[in-house]
Amino acid sequence: MKFGYSEACLAHDTGGRHPETPDRLRAIRELLARKHGVEYVEADPASRAAVEAVHDPDYVAEFREFCESGGGNWDPDTVAVEATWEAALRSAGLAQWSAETALDGVDGRETPFSIGRPPGHHAVGDDAMGFCFFNNAAVAARHVIDSRSVSRVAIFDWDVHHGNGTQDIFYDVGDVFYASVHEEGLYPGTGEVGESGTDAGEGTTLNVPLPAGAGDPEYRDAVDEVVAPALREFDPGLVLVSAGFDAHRHDPISRMRVSTDGYGMLTARVRDLADEIGAALGFVLEGGYGLDTLSESVAEVHETFDGRRPVAPDGEANEDVRELIDEIRTDHPALND
Ligand SMILES: [Zn+2]
């Protein structure tokens, strides 16, 4: 893969005991250094206009002033220092780079993956939350629709948390489809099946809230039977993966059971789907808080594009998940017209 990376993202210092630390990027790069075919690209920071296309200018100004005055706790979880402003613009710029590179036709072994931080998917239009300041994937999606010949973008969010910010930003618009598979009841508590979009965005939000303990077979079925059919129907020109790795069975902050091989399986499915529907494909890093599992899982994504065959999950999805999937297939407006 081609990885988008900026040293500026390391300077967003969250303090010694915060899970979202610069060591996450260091761990990824350390492990990737042992792999072949890894290329790094530094991207320009996002412009203020690109950020303000999805965020309230008053919020953006307030966040900038907060950083300029030294930062601190925006909320109990979400911490900034002076350098966070630049890191956040870089992180959004890297996501734009991923989207634009994919739309330039770069694919296969060179598929783009931006590894910026702070992450983005909890940031709503007018506020930071959940370690996120700018919604990187949302900035990228809106930017390419505004500046490129792509009219529809799908964001598939497999981070263990629901991307409430991405959902919120695009809830009432029809040109960005947001699909999330996440752990039910985990922070921030949103992402129920019935949240499916409104007005022009009716049916363009799709949530699969899996119960704690779900693993590879459950994720496989959620993608094959719900996410993939909905994206086929939506027919986007670009699929962006909001790629968090905190559903890993050894991640410290979730109870999900996705394996490292499972991330390869998900990657191969998304890649094959994008190929099938003729969509460009780019990846944007979200969460993932076990340094070993995060770096191994990112390497697994890389190796999948480098020719590694995915390992098929063992076994059937559990009954509760089968019922959930059947419910979504029956009731969701994206799967029923
Ligand atoms: Zn997460």
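Description of the structure in this document.

About the cut-offs
Residues numbered from 1 in each chain as written. Predicted model: local features only at pLDDT ≥ 70, side-chain atom pairs only at ≥ 80, totals over all residues. Heavy atoms only, no water. Buried < 20%, exposed > 50% of the residue type's maximum accessible area, 1.4 Å probe, protein only. Helix = DSSP H or I, 4+ residues; strand = E, 2+ residues; numbered from the N terminus. Arc of directions from axis to C-beta. Contact = heavy atoms within 4.5 Å. Salt bridge = Lys/Arg side-chain N within 4 Å of Asp/Glu carboxyl O. Pairing = 2+ DSSP bridges. Axes fitted to C-alpha atoms, helices over the stretch in contact; angles between N-to-C directions. 1 Å grid on protein atoms, 1.4 Å probe; cavity = no way out; pocket = protein on both sides within 12 Å on 5 of 7 lines; lining within 4 Å. Points joined across faces, edges and corners; volume = space filled by probe spheres on them. Nonpolar A, V, L, I, M, F, W, Y, C, P; charged D, E, K, R; others polar. Donors = N, O, S within 2.8 Å, 3.2 Å for Na, K, Ca; no water. Tetrahedral: all angles 85-135°; square planar, octahedral: opposite > 155°, others 65-115°.

The next subject is helix α1 (residues 23–32). Within the sequence span of α1, burial applies to Arg24, Leu25, Ala27, Ile28, Leu31 and Leu32. The buried residues of α1 occupy an angular sector of 160 degrees when the element is viewed end-on, so they sit on one face. In this structure, the buried residues of α1 make contact with β1 (2–4), β2 (39–41), β10 (280–285) and α9 (291–305).

When the charged atoms of two side chains with opposite charge come close together, those side chains can pair. This model, assessed by the stated rule, comprises 26 salt bridges. The partner of Arg142 in a salt bridge is Asp175, with the nearest N and O atoms 3.0 Å apart. Of this pair, Arg142 sits in helix α5 (residues 136–147) while Asp175 sits in the loop between α6 (164–170) and β7 (176–183), and the two are 33 residues apart along the sequence. Per residue, the accessibility class of Arg142 equals that of Asp175, and both read buried. For the salt bridge of Asp221 with Arg322, the shortest nitrogen-to-oxygen distance reads 2.8 Å. On the criterion of sequence distance, the pair formed by Asp221 in helix α7 (residues 216–234) and Arg322 in helix α10 (residues 319–331) is long-range, its members being 101 residues apart.

A separate point is the sheet that holds strand β5 (residues 112–114). Taken in spatial order, the eight strands of this open sheet run β2-β1-β5-β10-β9-β6-β7-β8, and their pairing is parallel. Here the strands that pair on one side only, and so sit at the sheet edges, are β2 and β8 (205–210). Ignoring which end each strand starts from, the neighbouring axes of this sheet average 20 degrees apart. Note that β1 and β5 share three bridges and pair parallel. Note that in β5 the partner of Phe3 across the bridge is Phe113. Packed on one face of the sheet, helix α4 (residues 84–103) meets β1, β2, β5, β9 (238–243) and β10 and runs near 175 degrees to β5. Relative to β10, helix α8 (residues 260–277) is tilted by about 145 degrees, and along the sheet it contacts β6 (153–157), β9 and β10.

Right, let's talk about the layout of surface pockets for a bit. Of the pockets and cavities examined, the largest pocket occupies roughly 160 Å³. Contributing to the lining of the largest pocket are Ala102, Val106, Asp107, Gly108, Thr111, Arg271, Ala274, Asp275, Ala279, Ala280, Leu281 and Phe305. Elements with a contribution of two residues or more to the lining of the largest pocket: α8 and β10. If you tally residues by element for the lining of the largest pocket, the top one is α8, at three residues. Residue composition of the lining of the largest pocket, grouped by class: seven nonpolar, two polar and three charged.

With that settled, the discussion passes to the coordination of the zinc ion. Only Asp159 (OD), Asp159 (OD), His161 (ND1) and Asp246 (OD) from the protein reach the zinc ion as donors, at distances of 2.0 to 2.7 Å. For the zinc ion, the four donor atoms in the first shell make angles of 53 to 153 degrees at the metal, so the coordination geometry reads as irregular. For the zinc ion, all donor residues lie on one chain, and their spacing in sequence is D-x1-H-x84-D. A single burial state applies to Asp159 and to His161, both of which are buried.

Taken by themselves, the reported measurements are silent on function.
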